Amino acid sequence: MIMKEKYNSLSRKQKSILHGAAYVAVIALIAFIWNSFFFSPLKVSGDSMNPALRDKDLVIVDRISYKVNGAERFDMVIFPYKYDNSRKLIKRVIGLPGETVEIIDSVIYINGEELEEYYGIYDKNMVTRYSHFGPVKLGDDEYFVMGDNRNNSLDSRKLGYFDFDEDVIGRVFFTVPLT
């Protein structure tokens, strides 16, 4: 009752300001929930996903539907860098749970068969310790991820494998090239 009396004693201008503040608070709450649980923007930093994503591009991260549908080969997923959770990495799913992944002369093999892909690029003149990798057998919940710019990517070849439910924040839903 006291609140109603105080509200009634306010001037028309004060009531208008109060209503406006309430609308802003509701919109901010909706935006916070939307950003935290459904879709959120993320700015790309670095060239490990070049040419698909370039430094300073903007991606919209789907934080919810991938949990229902799971990950598929070639999805671009976002997860925290395991040595600095404030840093997020974007990589492409290459190996799925239960598969054997091997890289020979920069060619990826899944269960002994060459992976037909059009995403990854290697500088063939630049042989790195990651030009040959594995074979590794992924566990029931493990995914193998790689950057598209294979010579310039911090990915499963160095960081290990990822549990989709525990490690992945979301999947790239939409990209906005800004460069």
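Everything discussed here concerns the structure shown above.
The following paragraphs examine the structure supplied in this document. (Residues numbered from 1 in each chain as written. Predicted model: local features only at pLDDT ≥ 70, side-chain atom pairs only at ≥ 80, totals over all residues. Heavy atoms only, no water.)

1. Regarding the overall build of the chain
Then comes step 1: Secondary structure assignment for the chain yields five helices and 11 strands.
Then comes step 2: By residue count, 35% of the 179 residues in the chain fall in the buried class.
Then comes step 3: For the chain, long-range pairs separated by at least 24 residues make up 63% of all intrachain contacts whose partners lie at least 6 apart in sequence.
Then comes step 4: Approximately 11,200 Å² of the chain is accessible, and the part contributed by carbon and sulfur atoms is 56%. (Helix = DSSP H or I, 4+ residues; strand = E, 2+ residues; numbered from the N terminus. Buried < 20%, exposed > 50% of the residue type's maximum accessible area, 1.4 Å probe, protein only. Contact = heavy atoms within 4.5 Å. Areas by Shrake-Rupley, 256 points an atom, 1.4 Å probe, with all protein chains shown as cover.)

2. A word on the pairing of strand 5 (residues 100-104)
Then comes step 1: The side-chain alternation of strand 5 yields one buried face, formed by Val101 and Ile103, and one unburied face, formed by Thr100, Glu102 and Ile104.
Then comes step 2: Judged from the three bridges that link them, strand 5 and strand 8 (residues 133-137) form a sheet pairing that is antiparallel. Bridge assignment links Thr100 to a residue of strand 8, and that residue is Lys137.
Then comes step 3: Examined bridge by bridge, strand 5 and strand 6 (residues 107-110) share four bridges and lie antiparallel to one another. Counted as the bridge partner of Val101 is Ile110 from strand 6.
Then comes step 4: Once strand 5 ends, the chain turns through two residues before running back antiparallel as strand 6, passing Asp105 with a positive phi of about 50°. (Pairing = 2+ DSSP bridges.)

3. Observations concerning the environment of Leu159
Then comes step 1: Tracing the sequence through the fold places Leu159 in helix 4 (residues 156-159).
Then comes step 2: With relative accessibility at 6%, the residue Leu159 sits in the buried group.
Then comes step 3: Distance in space between the C-alpha atoms of Leu159 and Tyr83 is 9.6 Å, their sequence separation being 76 residues.
Then comes step 4: If sequence neighbours within four positions are ignored, Leu159 has contacts with Tyr81, Lys82, Tyr83, Leu89 and Leu154.

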